[in-house]
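Here are the chains, one letter per residue:
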Amino acid sequence: MFLPTTQKELEQLGWEQLDVILVSGDTYVDTPYNGIAIVGKLLVDAGYRVGVIAQPDIESGKDITRLGEPLLYWGISGGLVDSMVANYTATKKFRKSDDFTPGAVNNRRPDRAVMKYANLIRQHFKGTVPLVLGGVEASLRRVAHYDFWTNKVRRSILFDAKADVLVYGMAEKAVLELTAAYRDKQPIEEILGICYIAKEPKAGYFELPGYEECARDKHAFISMFHHFYANNEPDISKGLCQEHSGRWLIQNPPQPSITQEEIDHVYDIRYERDVHPYYKAQGEVRGLQTIQFSV
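(A) Examining the sheet that holds strand β8 (residues 194–198) more closely. Ordered by their spatial adjacency, nine strands build an open sheet running β2-β1-β3-β4-β7-β8-β11-β10-β9, and the pairing between neighbours is mixed. The sheet is open, and its two borders are formed by β2 (50–54) and β9 (206–207), each paired with just one other strand. As judged from the two bridges shared by β9 and strand β10 (residues 240–244), these two strands associate in the parallel manner. Considered in β10, the bridge of Phe-206 is made with Leu-240. Here helix α4 (residues 113–124) sits on the sheet in contact with β1 (20–24), β3 (73–77) and β4 (131–134), set at roughly 155° to β3.

(B) Quick peek at unusual backbone geometry. The phi dihedral of Ala-104 falls on the positive side, at around 70°, and the residue is not glycine. Its location among the elements puts Ala-104 in the loop between α3 (83–87) and α4. Among the residues examined, Ala-104 registers a relative accessible area of 9% and is labelled buried. For Arg-112, which is not a glycine, the phi torsion comes out positive at approximately 50°. On the secondary structure map, Arg-112 appears in the loop between α3 and α4. We classify Arg-112 as buried; its relative accessible area is 14%.

(C) Structural context of the side chain of Ser-139. By the secondary structure assignment, Ser-139 is in helix α5 (residues 136–140). Relative accessible area serves as the criterion here: at 11%, Ser-139 is assigned to the buried category. Setting aside anything within four residues of it in sequence, one finds Ser-139 in contact with Leu-166, Val-167, Tyr-168 and Gly-169.

(D) Molecular detail of the pairing of β10. Counting buried positions over the five residues of β10 gives four, a clear majority of the element. Relative to strand β11 (residues 247–251), β10 is paired through five bridges, and the arrangement is antiparallel. Bridged to His-244 within β11 is Arg-247. Two successive antiparallel strands, β10 and β11, enclose a turn made up of two residues, where Ser-245 displays a positive phi of approximately 50°.

(E) Representation of the environment of Val-153 in the model. Along the chain, Val-153 falls in strand β6 (residues 152–154). In this structure Val-153 comes out as buried when scored by relative accessible area, which is 17%. Expressed as a C-alpha distance, the spacing of Val-153 and Ala-215, which sit 62 residues apart in the sequence, is 5.3 Å. Beyond its immediate sequence surroundings of up to four residues, Val-153 is in contact with Ala-144, His-145, Tyr-146, Tyr-211, Cys-214, Ala-215 and Phe-221.

(F) Looking closely at the environment of Asn-252. Within the element layout of this structure, Asn-252 appears in the loop between β11 and α10 (260–268). Through-space distance from the C-alpha of Asn-252 to that of Glu-190 is 7.2 Å; in sequence the pair is 62 residues apart. Ignoring any residue separated from it by four or fewer positions in sequence, one finds Asn-252 in contact with Tyr-168, Glu-189, Glu-190, Ile-191, Leu-192, Gly-193, Ile-194, Tyr-196, Lys-202 and Tyr-205. Polar contacts involving the side chain of Asn-252 include one to the side chain of Lys-202, which spans 3.4 Å.

(G) Region of interest: the packing of aromatic side chains. One pass over the structure, following the stated rule, counts nine aromatic pairs. Taking 6.1 Å as the distance between ring centres and 85° as the angle between the ring planes, the aromatic pair formed by Phe-2 and Tyr-28 counts as edge-to-face. Placement of the pair is Phe-2 in the segment before α1 (7–13) and Tyr-28 in the loop between β1 and α2 (35–45), with a sequence separation of 26 residues. Overall, the relative accessible area of 1% leaves Tyr-28 in the buried class.

Basis of the calculations
- Residues numbered from 1 in each chain as written.
- Predicted model: local features only at pLDDT ≥ 70, side-chain atom pairs only at ≥ 80, totals over all residues.
- Heavy atoms only, no water.
- Pairing = 2+ DSSP bridges.
- Helix = DSSP H or I, 4+ residues; strand = E, 2+ residues; numbered from the N terminus.
- Contact = heavy atoms within 4.5 Å.
- Axes fitted to C-alpha atoms, helices over the stretch in contact; angles between N-to-C directions.
- Buried < 20%, exposed > 50% of the residue type's maximum accessible area, 1.4 Å probe, protein only.
- Polar contact = N/O pair within 3.5 Å; in protein donor to acceptor, adjacent residues only side chain to side chain.
- Phe/Tyr/Trp six-rings, centres within 6.5 Å; stacked < 30°, edge-to-face > 60°.

Below, the structure written as structure tokens:
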């Protein structure tokens, strides 16, 4: 089945409220090439009710409010590609076409989509459930980072998006653990493969040069990135923390690599290998030609 995208589909499934709503900068293509589809299908397989809102209009609430408010959390992704890379060439010229937008016209994905979607949700759902960031855009921007588009060092996207948690890397195991913790009202701070914001550094974690220091000193930035890059392998990585204006980004060590049995399960789940009918009716999605049968 497709994950539901409209109230009519929720009624057909007999679901009154979703546990998780996934918001994406791409249209909804139900293939194992698409991280939103993988995460959604894994959660449904685990017994959760999950819906998708793809490429919501950020100028109104018509799309973001379409499925109501989730019970556990919102999952936000910029899509298969960082939204700035999707929208601009290396010479900073706007890309007129988008293979993951119906009709191929690049008019549905905002710049810095993760931040825009987080703001959109908070605008229309005051005091809502946690916002969980994921995907390439969030993972690459999870610590203080150099932003090519503004030629500046920016803060972790967790701070700029005012989100609660960031799930980085291949997130299948982390997402299932995080969702179970929210369902059972358990602490999340020890879950591997996530980042969150704290009032103080975490004992035993390596302290990276802080955002302010990295922004003013390129040597501090280089040192920071070296230690960040060296702590991405599951078997050898330490937890990291980094100060941002008196608050701390906490990055737990990565999740262990998934086993052959676990990865087989991920890709044995039935995918429709097509664009969801709600979005397919809006125009051809050219990217489907290359990802329809991809693994």
